[in-house]
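Descriptive structure summary
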Amino acid sequence: MPLKAVLFDHDGTLVDSESTHMELWRRAVEPFGGFITDDEYWQGLLGVPCEQNAELIIQLRGLDISVDTLVDAKLRHTDLFLASGCFPQIDSADLVVRDLAESLRLGLVSGSQRVCVEASLKGHGWSELFEQVVTGDDVVENKPNPASYLAAMELMGLRADECVAVEDTQAGVAAASAAGIRTVAIRNQFSASHDFSPAAVEVPDLAAAGRWIKALL
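Within every chain, residues take consecutive numbers counted from 1 along the sequence as written. Totals for whole chains, interfaces and linings use every residue, but because this is a predicted model, local features are given only for residues with pLDDT of at least 70 and side-chain atom pairs only at 80 or more, for both listing and counting. Derived side-chain values reflect all non-hydrogen atoms in the structure, with water molecules and hydrogen atoms excluded from consideration.

With respect to the overall build of the protein
We count it as follows: Think of it this way: any DSSP run of H or I at least four residues long counts as a helix, any run of E at least two long counts as a strand, and we number them from the N terminus. For each residue, the accessible area found with a 1.4 Å probe, counting protein chains only, is set against the maximum for its type, and the residue is called buried under 20%, exposed over 50%, and partly exposed in between. Contact between two residues is taken to exist if any of their heavy atoms lie within 4.5 Å; hydrogens are not considered. The sign given to each residue is positive for Lys and Arg and negative for Asp and Glu; His and the chain ends receive no count. Every charge is mapped onto a representative atom, which is NZ of Lys, CZ of Arg, CG of Asp or CD of Glu.
Secondary structure assignment for the protein yields nine helices and six strands. With respect to the three principal axes, the spread of C-alpha positions in the protein is 55 × 35 × 30 Å. Out of the 217 residues in the protein, the part that is buried amounts to 51%. When contacts within the protein are restricted to residue pairs at least 6 apart in sequence, long-range pairs at least 24 apart make up 66% of them. Across the protein, the centroid of the 16 positively charged side chains sits 5 Å from that of the 33 negatively charged ones.

The following block contains the structure:
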């Protein structure tokens, strides 16, 4: 079937948010006597939904707090950050998004909270470019479960063979691939050890992903 749409991930794919999220998690867990190392974040927490991250951190540090308590702390720190701005763009993000929007429909499928995604769309002037946005707030089971991608396709009236997904983490690649979608995996310094074997192709950056997708047209 002809390609009709591109479904983009948000964190690490369109915006450089992961380093900020790591710092926000550190601020959230510190009052409870916890901490997170760089390796723990990049190896186990990158691309994982908020509730799962909280559960993993509590287990790692043996903290005597609930998942909801840590999630609430993280969300408060995230809200404070977003009150003064949004996450910066990944290199070439604006160019790639606008170029593909000229010939394809765009959707955004993120494991993040909607407040983070909406801040990026508004801050970078992308709101009108994305036909549908599905976030971690919209599904019961987040990535690597395929529910968010299945929801996006249903909202857009598309089949999996009419879409390409763009992801930068193992959880994201697993989610899109499980939904039957050809997936472009972007391997960066943070996802160096991730398993991208289910992806249709692996590329070094977003610009290369854009070129691969354009070649399908």
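Let us keep going from here.
Thoughts on the packing of aromatic side chains
Quick note on the threshold: Only centres within 6.5 Å qualify two rings of Phe, Tyr or Trp (six-membered ring in Trp) as a pair; their planes then separate them into stacked at under 30 degrees, edge-to-face at over 60, and tilted for everything else. Put simply, a charge is over a ring when the Lys NZ or the Arg CZ is close to the ring centre, within 6 Å, and near the line of the ring normal, within 35 degrees.
Summed over the entire model, instances satisfying the criterion amount to four aromatic pairs. Seen in terms of ring centroids, Phe-8 and Phe-130 are 6.2 Å apart; in terms of plane orientation they differ by 80 degrees. Their pairing is edge-to-face. With Phe-8 in strand β1 (residues 5–8) and Phe-130 in the loop between α6 (114–123) and β3 (132–134), the pair connects residues that are 122 residues apart, well separated along the chain. With respect to class, Phe-8 is no different from Phe-130; both count as buried. Aromatic pair Trp-42 and Phe-190: ring centres 4.0 Å apart, planes at 15 degrees, arrangement stacked. With a gap of 148 residues between them, Trp-42 in helix α2 (residues 38–45) and Phe-190 in the loop between β5 (182–186) and β6 (201–203) connect regions that are remote in the sequence. There is no split in this pair, since Trp-42 and Phe-190 are both buried. One aromatic cluster in this structure is built from Tyr-41, Trp-42 and Phe-190. Above the ring of Phe-35, the side-chain terminus of Arg-61 is found at 3.9 Å from the ring centroid.

So, the side chain of Ser-17
Secondary-structure assignment places Ser-17 in the loop between β1 and α1 (18–29). For Ser-17, the residues in contact, after removing those within four places along its chain, are Asp-11, Gly-12 and Phe-87.

Topic: the sheet that holds β1
Rules: DSSP-based pairing: two strands are paired if at least 2 bridges between them are found. Comment: axis = line fitted to C-alpha atoms, over the contacting stretch for helices; angle = value between 0 and 180 degrees taken between N-to-C directions.
Judged by pairing direction, the sheet is parallel, and its six strands sit side by side in the order β3-β2-β1-β4-β5-β6 without closing on themselves. The open sheet terminates on both sides in strands that have one partner only, identified here as β3 and β6. Averaged over all pairs of adjacent strands, the angle between strand axes in this sheet comes to 20 degrees, irrespective of strand direction. Pairing analysis gives three bridges linking strand β2 (residues 105–109) to β3, with the strands arranged parallel. Following the sheet pairing, Leu-108 is matched in β3 by Val-133.

As for helix α9 (residues 206–214)
Along an α-helix, a turn takes 3.6 residues, which lines up residues three or four apart on a common side. We count it as follows: Between N or O atoms, a polar contact is any pair within 3.5 Å; within protein, one atom must be a potential hydrogen donor and the other a potential acceptor, and residues adjacent in sequence are included only when both atoms are from side chains.
Buried residues of α9: Leu-206, Ala-208, Ala-209, Gly-210 and Ile-213, and no others. At its buried positions, α9 is contacted by β1, α5 (93–101), β4 (163–167), β5 and β6. With a side-chain oxygen lying 3.3 Å from the backbone nitrogen of Ala-207, the N-terminal cap of α9 falls on Asp-205.

Considerations on the pairing of β1
Burial along β1 is two-sided: the face carrying Ala-5 and Leu-7 and the face carrying Val-6 and Phe-8 are both buried. Of the pairings in the sheet, the one linking β1 to β2 comprises four bridges and is parallel in character. For Val-6, the partnering residue across the bridge sits in β2 and is Leu-106. Two strands pair when backbone bridges link them, and β1 and β4 are joined in this way by four bridges, in the parallel orientation. Along β4, the bridge assignment pairs Phe-8 with Val-166.

Regarding empty space enclosed by the protein
Empty space among the atoms becomes apparent when a probe as large as a water molecule is rolled across them. Filter applied, for reference: The method works on a 1 Å grid over the protein atoms by themselves. A cavity is a set of points holding a 1.4 Å probe that cannot get out, a pocket is an open set with protein on both sides within 12 Å along at least five of seven lines, and residues with an atom within 4 Å of a point line them. Grid points are joined across faces, edges and corners, and a volume is the space filled by probe spheres set on the points.
Applying the stated criterion across every chain, the model contains one cavity of 30 Å³ or more. Estimates place the volume of the largest cavity at around 260 Å³. Surrounding the largest cavity, 22 residues form its lining, Asp-11, Gly-47, Val-48, Gly-111 and Ser-112 being those nearest its centre. The set of elements that each furnish at least two residues to the lining of the largest cavity consists of α1 and α3 (50–61). The element contributing the most residues to the lining of the largest cavity is α1, with three residues.

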